[in-house]
2 protein chains.
Amino acid sequence: MIKEAIVEKLDTKSLSSASNRLCIADLGCSVGPNTFFAVQNIIDAIENKHKSEYDGSHKLEFQVFFNDHASNDFNTLFTSLPLERQYFSAGVPGTFYDQLFPSSSIHFAHSSYSLHWLSKVPEKLLDQNSSWNKGKIHCAGASDEVVNAYAAQFEKDMGIFLNARAKEIVPEGMIVLIIPGIPDEVHPSELPAGILFNFLGSSLVDRANEGILNEAQIDSFNLPIYSASPKEMASLVKINGCFSIESMEVTDPRSKIHDPMKCSKGL
Amino acid sequence: MIKEAIVEKLDTKSLSSASNRLCIADLGCSVGPNTFFAVQNIIDAIENKHKSEYDGSHKLEFQVFFNDHASNDFNTLFTSLPLERQYFSAGVPGTFYDQLFPSSSIHFAHSSYSLHWLSKVPEKLLDQNSSWNKGKIHCAGASDEVVNAYAAQFEKDMGIFLNARAKEIVPEGMIVLIIPGIPDEVHPSELPAGILFNFLGSSLVDRANEGILNEAQIDSFNLPIYSASPKEMASLVKINGCFSIESMEVTDPRSKIHDPMKCSKGL
């Protein structure tokens, strides 16, 4: 899908008209090696397209920015960078819920399995007393109020994320987001991750009942993870107004499990 | 000296004409905090000059690249970045005896107390049998052949360093090098570091005589450190031809010691 998006939608001629330097950012890269494969695939696709447009006289230079929290293990990332890489590397510490790069300095941004992490536990859950999401550690299987609090936090975070990227990414640049999502009209508790979070919450409550853990602490603990639906994502991108969606593809979560599930598709 | 060089020699108007983004690289940054002070001083000097030329409507954005070997502790560097910094940060792993950044992407490069590290022990010392620099771990107090081997390695390394920087630094950019050096016409053994290396070598030989260490290993061990003289540096920069020296200042090593020394000045 990324390769197709680059071939069909990315105007590499325009992007490389001012300089032969193309800057790629992987947001939420962790320590590798997945980020190296993702980045190489992007570079290969851009280079192939560029080669088909030029006779080889105009060679591109790639600078790749690997981003994650400052507490990420960049030492491991840096010492495991592929030796045969044909790009300049840099690590960028900091949350992607803030501007990380100078204005108009990134041509292609990528983020895989990172944007489901909220910037923090939804504020309303912190404001309420701990019984608001009693016996649960997530919005999966929780009340509508809790689900809405998670959705509101995601909406706020996504607005901040898109505004930051809008500053950093050059006009005609591209951003690819791979997000563990949820099919439209499906409740979080019906997806594998939701089921897992509910089991985990129940296990913690069992430990509290046995006196091993403190019940109040469990009740006040909530995972800052949210799975958005295609409708939600489309709506948030539209509300933000800085980007247009060129393509959105939903993969089927059932391909990862062996028994039939109630839900029909996932982002 | 750096502030004066920026005020008098750096054409900030020209550098910021194409974009308001200025990229600074600190080569051999280690883990901080010295690098943070150095970078902030550079930014302050550039901003002050820029403000005096514009009325404040043209604001600069700074992106700072902290470079050191991939084995450097970037985790410590990243978690100790100044919270109040007004620049975008990135860590760049790799030796500065190679190109680290895309062509014409750095406006100001800085390196402090790093370039005295050779890329490796001089090749001739590795080729010879271990008795070539017997009882010593450095060229301080060694034969002329050994001193020349060190000088040749430094010459080779400096050529590689300058060629790499010439590719990376934009026209009218600036590079500031702070190097522990040696006064013209002074032998390495006469400087504090040389005296220290000779004492250290003697101590190791004593341990070998006591049977605690292996003599052959000590004889084959040589520190890849070289202190260049102002004449040498000027000559190497001229031979390379990519840069012109705008200013060179020599500090007096006697300010760091209490007793009088034979040598009169150091780089």
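Report on the accompanying structure. (Residues numbered from 1 in each chain as written. Chains lettered and ligands numbered in written order. Predicted model: local features only at pLDDT ≥ 70, side-chain atom pairs only at ≥ 80, totals over all residues. Heavy atoms only, no water.)

### Here we look at the interface of chain A and chain B
Reasoning step 1: Listed per partner, the contact involves 26 residues of chain A and 26 residues of chain B.
Reasoning step 2: Across the chain A/chain B interface, buried area totals approximately 2000 Å², and carbon plus sulfur atoms make up 57% of it.
Reasoning step 3: Where chain A touches chain B, the interface holds zero salt bridges.
Reasoning step 4: Across the chain A-chain B interface, the total number found is eight residue pairs in polar contact (both at pLDDT 80 or more).
Reasoning step 5: Elements supplying a minimum of two residues to the side of chain A that touches chain B: β2 (61-68), α4 (74-79) and β3 (88-93) of chain A.
Reasoning step 6: Among the elements that line the side of chain A that touches chain B, the one with the most residues is β3(A), at six residues.
Reasoning step 7: Each residue belonging to the side of chain A that touches chain B can be placed in one class, and the counts come to twelve nonpolar, eleven polar and three charged. (Contact = heavy atoms within 4.5 Å. Buried area = accessible area lost by both parts, 1.4 Å probe. Salt bridge = Lys/Arg side-chain N within 4 Å of Asp/Glu carboxyl O. Polar contact = N/O pair within 3.5 Å; in protein donor to acceptor, adjacent residues only side chain to side chain. Helix = DSSP H or I, 4+ residues; strand = E, 2+ residues; numbered from the N terminus. Nonpolar A, V, L, I, M, F, W, Y, C, P; charged D, E, K, R; others polar.)

### Remarks on helix α3 (residues 34-53) of chain A
Reasoning step 1: Its 20 residues place the ends of α3(A) 29 Å apart at the C-alpha level, agreeing with the 28 Å of an ideal helix rising 1.5 Å per residue.
Reasoning step 2: Here the buried face of α3(A) lies against α1 (2-9), α2 (12-15), β1 (21-27), β2, α4 and β4 (106-112) of chain A. (Expected span 1.5 Å × (residues − 1).)

### Here we look at empty space enclosed by the protein
Reasoning step 1: Under the definition given, this model contains one cavity of 30 Å³ or more.
Reasoning step 2: Volume-wise, the largest cavity comes out at about 80 Å³.
Reasoning step 3: If you trace the largest cavity, you find it lined by A:R21, A:C23, A:Q63, A:F65, A:S105, B:R21, B:C23, B:Q63, B:F65, B:S105 and B:I106.
Reasoning step 4: Every element with two or more residues in the lining of the largest cavity is listed here: β1 and β2 of chain A together with β1 (21-27) and β2 (61-68) of chain B.
Reasoning step 5: Residue classes in the lining of the largest cavity are distributed as five nonpolar, four polar and two charged. (1 Å grid on protein atoms, 1.4 Å probe; cavity = no way out; pocket = protein on both sides within 12 Å on 5 of 7 lines; lining within 4 Å. Points joined across faces, edges and corners; volume = space filled by probe spheres on them.)

### Some details on the packing of helix α6 (residues 144-168) of chain A against helix α9 (residues 230-240) of chain A
Residue and element names in this part refer to chain A.
Reasoning step 1: Relative to each other, α6 and α9 sit at 50°, their axes nearing to 10 Å. Relative to α9, the element α6 lies oblique. Note on packing geometry: the crossing formed by α6 with α9 is right-handed. Here A151, F154, E155, M158, G159, L162 and N163 of α6 come into contact with α9, specifically with E232, M233, L236, V237 and N240.
Reasoning step 2: A breakdown of the residues in the contact of α6 with α9 according to their chemical character gives seven nonpolar, three polar and two charged. (Axes fitted to C-alpha atoms, helices over the stretch in contact; angles between N-to-C directions. Parallel < 35°, antiparallel > 145°, perpendicular 65-115°, else oblique. Left-handed = near helix turned anticlockwise from the far one by under 90°.)

### Topic: the relation of the copies chain A and chain B
Reasoning step 1: Aligned on chain B, chain A shows an RMSD of 0.0 Å; the corresponding rotation is 180° and the shift along the axis is 0.0 Å. Here the symmetry operator amounts to a two-fold rotation axis. For chain A, the minimum C-alpha distance to the rotation axis belongs to A:G91 and amounts to 2.5 Å.
Reasoning step 2: The overlap is high: 100% of the interface residues of chain A also sit at the interface in chain B, so the same surface is used on both sides. (Least-squares fit on C-alpha atoms with pLDDT ≥ 70 in both.)

### Description of the side chain of B:S229
All names here are of chain B.
Reasoning step 1: Relative to the assigned elements, S229 resides in the loop between α8 (215-220) and α9 (230-240).
Reasoning step 2: Note on S229: relative accessible area 8%, which makes it buried.
Reasoning step 3: Engagement of the side chain of S229 in a polar contact is seen with the side chain of D184, the distance being 3.2 Å.
Reasoning step 4: Leaving out residues up to four positions away in the same chain, S229 has contacts with I182, P183 and D184. (Buried < 20%, exposed > 50% of the residue type's maximum accessible area, 1.4 Å probe, protein only.)

### Structural notes on the pairing of β2(B)
Residues and elements named next belong to chain B.
Reasoning step 1: Among the eight residues of β2, eight are classified as buried, and the element is accordingly described as predominantly covered.
Reasoning step 2: Alternating positions in β2 separate into two faces, E61, Q63, F65 and N67 on one and F62, V64, F66 and D68 on the other, with burial throughout.
Reasoning step 3: With seven bridges joining them, β1 and β2 adopt parallel strand pairing. Bridge pairing in β2 links R21 to E61.
Reasoning step 4: The sheet contact formed by β2 and strand β3 (residues 88-93) spans six bridges and is parallel. (Pairing = 2+ DSSP bridges.)

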